[in-house]
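Each chain is listed here by its residues.
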Amino acid sequence: MKICIRRFRLYGIACLLMTSMLLSIITPLSAADPVTKAADRAAAYMLDTVPSPACAQVGGDWMMFGLARAGVNIPTATKNAYLQNVKNLLIEKNGVLTKNKLTEYSRLALAVTALGYNARNMYGYDLLTPLTNLTNTTKQGVNGAIFALLAFDAGGYALNYASVTRQDFISYILNAQRKNGSWALTATGDADADITATAILALHPYRGQTAVTNAINRGLAALSSMQTSDGGYAYRGDCSAECTAQVLCMMSALKIPVTDPRFVKNGNTVLDHLLSFALSDGSFSHIHGGKTDGIATEQAFYALTAYRRMQNGENTLYCMTDRTWIGGVHPDVSSCSVIAPGKTFPDLKNSTAQTAVQALAARGIINGCDDGQFHPEQNLTRAQFAQILSGALSLPMEAVTIFPDVKESDWFYPAVATAARVGLILGTASGTYEPNRPITRQEAALILSRAAALCGIFPDQTAALHAADAAQVADWAYDAAAFCVKRGYLTKTNNRITPTTAITRGDTANAVYALMRDAGLLP
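Rules behind the numbers
- Residues numbered from 1 in each chain as written.
- Predicted model: local features only at pLDDT ≥ 70, side-chain atom pairs only at ≥ 80, totals over all residues.
- Heavy atoms only, no water.
- Helix = DSSP H or I, 4+ residues; strand = E, 2+ residues; numbered from the N terminus.
- Rg over C-alpha atoms; globule rule 2.2 N^0.38 Å.
- Buried < 20%, exposed > 50% of the residue type's maximum accessible area, 1.4 Å probe, protein only.
- Contact = heavy atoms within 4.5 Å.
- Areas by Shrake-Rupley, 256 points an atom, 1.4 Å probe, with all protein chains shown as cover.
- Lys, Arg positive; Asp, Glu negative; His and termini not counted.
- Charge placed at Lys NZ, Arg CZ, Asp CG, Glu CD.
- Expected span 1.5 Å × (residues − 1).
- Axes fitted to C-alpha atoms, helices over the stretch in contact; angles between N-to-C directions.
- Parallel < 35°, antiparallel > 145°, perpendicular 65-115°, else oblique.
- Left-handed = near helix turned anticlockwise from the far one by under 90°.
- Core = buried A, V, L, I, M, F, W, Y, C linked by side-chain atoms within 4.5 Å.
- Phe/Tyr/Trp six-rings, centres within 6.5 Å; stacked < 30°, edge-to-face > 60°.
- Lys NZ or Arg CZ within 6 Å of the ring centre and 35° of its normal.
- Polar contact = N/O pair within 3.5 Å; in protein donor to acceptor, adjacent residues only side chain to side chain.
- pLDDT = per-residue confidence, 0-100.
- Salt bridge = Lys/Arg side-chain N within 4 Å of Asp/Glu carboxyl O.
- Disulfide = S-S within 2.5 Å.

### Concerning the overall build of the protein
Helix and strand content of the protein: 19 helices and four strands. The C-alpha atoms of the protein give 24 Å as radius of gyration, which agrees with the globular expectation for 523 residues (24 Å, within 12%). For the protein, the proportion of its 523 residues judged to be buried stands at 57%. By sequence separation, contacts in the protein at least 24 residues apart represent 71% of the contacts at least 6 residues apart. When the accessible area of the protein is evaluated, it comes to approximately 20,900 Å², of which 52% is carbon and sulfur surface. In the protein, 43 positive and 39 negative side-chain charges are present, and the distance between their average locations comes to 3 Å.

Structural data, given as structure tokens:
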């Protein structure tokens, strides 16, 4: 990716013996898995040759970003050295990293977010607010908008400023697309494979918008036509590891198999081409026959990480709502104030949900029905559940079309978009949300467990679900159900949790009330 024109080579020749020792702190090599082998060797190489990562494009931010997203056990000394270098730079510059190249903020925000830190308050400095001036952010061209959007989306950070919205960044990227479907670094520059790939990467969470879907399809067609006969991508004549790496990142985010016929040339895949740049010491070269290159090594590594995350069914490389926040709580979560003290409903008198409903209603989190009753035994829809959870965490509401079946005219549009922004909801396998379908108890458990994680409450991954119908719980919901039962968010009746039945309004109120109480959100 072309964030900086100059190329820096900060890496020395790795000591092969030390590299092999470092491999033991990452993951075992698998001779049958060339991707794992190449990624592990690259990680070991970087840790060996860059013991004190800088707050910089090479040998710093992207390296730490990739290692964190790969789940590498970064040595404490290396991590502390990087954080100290970040702190020193921010203090030295009083938080003003640059006035003209704002991808410096985006890159650093991505790195610290991957490590679990709040980019809005890094040693007292806000790395995201400088990106909220669209004119300044796009002085570099479309690259500025692309990486600003990636940075905000990475941690699900709110972007509800008067000066710029997510939709402004989306529109800027869409308007920069060329007639042939590609994107370029500058308005007059050559079509660029890695800019095209990263533009698609930034846009893909918004495929609920028809214009975005059309742009992505045109971009994919352009990338298919730009692919070289050996399966790779070139910039100004030279096939490079970096161009190919960005295409692999994009394909992984969109879950496009590397064997997709659109991206196979003469039997060669994008993955084959990227691996062909790997050198014997674990590093990668910029071009074939070249020497170790720092940028190529870092980008190849995180591209392989993106591919492995897709293979493992994990969040995409840039969607970091799956990792633990340092300090525990997502920066957008806050407590709820009482706005309607004493609010109640006539049909709660004998309900086990009375205390919970009244506490939530007093804070405007939950409402009654049109007849003035609460109806605790009625079912909830998926849209209603998203609205309740978004309100319970006091998340800043921010509406931008995510799912094709959630329209701007829908009453639940802001709440569903907000819940998606922070990773509470991910949608169905088809990419829709099905907002009006009743939400099942196991679906509710999964969302509740994500909400708990945003509040710094994490499930015990080894906990067993003790219920007579535990075998009926879907694999994707088992850990969440076990967690919710253990915490009291999901109750049992006759030792059964009935995972596939719809959760009721009363049970939802009890679950959300218990979660808010545990998280200290009920002042």
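### Overview of helix α19 (residues 505–519)
Taking 1.5 Å of rise per residue, the 15 residues of α19 would be expected to cover 21 Å, and the 21 Å separating its terminal C-alpha atoms lies within 8% of that figure. Considered for burial, the residues of α19 that qualify are R505, G506, T508, A509, A511, V512, Y513, A514, L515 and M516. Of the surrounding secondary structure, the elements contacted by the buried residues of α19 are α14 (354–362), α15 (382–392) and α17 (441–454).

### As for the packing of helix α5 (residues 103–114) against helix α7 (residues 142–154)
Relative to each other, α5 and α7 sit at 25°, their axes nearing to 9 Å. Classed by the angle they form, the pair α5 and α7 counts as roughly parallel. Of the two elements, α5 crosses α7, and the hand of that crossing is left-handed. Residues T103, S106, A109, L110 and T113 of α5 form the contact with α7, whose participating residues are N143, G144, F147, A148, L150, A151 and A154.

### Side note on unusual backbone geometry
Its identity is not glycine, yet N266 carries a phi of approximately 55°, on the positive side. Mapped onto the fold, N266 is located in the loop between β3 (264–265) and β4 (268–269). Look at N266 and you get exposed, because its relative accessible area is 68%. The phi dihedral of N494 falls on the positive side, at around 55°, and the residue is not glycine.

### Notes on the nonpolar core
Grouped together as the largest cluster of nonpolar side chains are 173 residues, with contacts concentrated most on F65, L67, I173, M250, Y318 and L424. Broken down by element, the residue count for this core peaks at 10 residues, all from α7. Filtering out sequence-adjacent residues up to four positions away, I173 remains in contact with V142, A145, I146, L149, W183, A199, A202 and L203.

### Some thoughts on the packing of aromatic side chains
As enumerated under the stated definition, the model contains 10 aromatic pairs in all. Among the aromatic residues, those joined into a ring-pair cluster are W62, F65, F147, Y302 and Y318. The ring centre of Y433 lies 4.3 Å from the NZ or CZ of R382, which sits over that ring.

### A closer look at helix α10 (residues 210–226)
Taking 1.5 Å of rise per residue, 17 residues should cover 24 Å, and α10 covers 24 Å from first to last C-alpha, within 8% of that figure. Of the residues making up α10, those classed as buried are V212, A215, I216, G219, L220, A222, L223 and S224. On its buried side, α10 packs onto α8 (166–175), α9 (193–203), α11 (241–253) and β3.

### Details of the environment of A42
By the secondary structure assignment, A42 is in helix α2 (residues 34–49). Discounting chain neighbours no more than four positions away, the residues touching A42 are G282, F284 and F301.

### Concerning the side chain of E104
Within the secondary structure layout, E104 lies in helix α5. Using a relative accessible area of 19% as the deciding quantity, one classes E104 as buried. In this structure the side chain of E104 is engaged in a polar contact, spanning 3.0 Å, whose partner is the side chain of R107. Non-local contacts of E104, meaning those with residues more than four positions away in its chain, are made with L97 and T98.

### Focus on the confidence of the model for the protein
Should pLDDT be low for a region, the predicted coordinates there are not to be read in detail. For the protein, the mean per-residue pLDDT works out to 90, and 93% of the residues sit at or above 70. In this model, residues 1–31 is a region of pLDDT below 50 whose contacts with residues beyond four sequence positions or in other chains number 81 contacts.

### So, the pattern of salt bridges
Scanning all chains against the criterion turns up 17 salt bridges. We note a salt bridge from D332 to R120, for which the minimum N-O separation is 2.8 Å. Of this pair, D332 sits in the loop between α13 (294–311) and α14 while R120 sits in the loop between α5 and α6 (134–137), and the two are 212 residues apart along the sequence. Pair check on accessibility: D332 and R120 agree, each one buried. For R166, the salt bridge goes to D153, with nearest N and O atoms at 2.7 Å. Residue R166 is located in helix α8, and its partner D153 is located in helix α7; the two are separated by 13 residues in the primary sequence. Judged by its relative accessible area of 17%, D153 falls in the buried class. Salt bridges here are not isolated pairs; linked through shared partners, they connect R120, D153, R166, D332, E398 and R421.

### Re the side chain of Q140
Residue position: Q140 is located in the loop between α6 and α7. In this structure the side chain of Q140 is engaged in a polar contact, spanning 3.0 Å, whose partner is the backbone nitrogen of L102. Within the structure, the side chain of Q140 is placed 2.9 Å from the side chain of T103, a separation counted as a polar contact.

### A few points about the environment of Y433
Among the structural elements, Y433 can be located in the loop between α16 (413–421) and α17. A residue is classified by how much of its surface remains accessible, and Y433, at 1% relative accessible area, is buried. Considered as a pair, Y433 and F403 are 30 residues apart in the sequence and their alpha carbons are 6.2 Å apart. With near-sequence residues (within four places) excluded, Y433 lies in contact with R382, A383, A386, F403, D405, V406, V416, I425, G427 and T428.

### Let's talk about the packing of α9 against α10
Two elements in contact, α9 and α10, have axes whose closest approach is 10 Å; the angle formed by their N-to-C orientations is 155°. As the angle between them shows, α9 and α10 are arranged roughly antiparallel. Handedness of the crossing formed by α9 with α10: left-handed. For the pair α9 and α10, contact is made by A193, T196, A197, I200 and L203 and by V212, I216, G219, L220, L223 and M226, respectively.

### Details of the state of the cysteines
Here the structure, examined in full by the defined rule, presents zero disulfides. Not engaged in a disulfide, the cysteine C455 finds its nearest cysteine sulfur in C336; these two sulfurs lie 9.7 Å apart.

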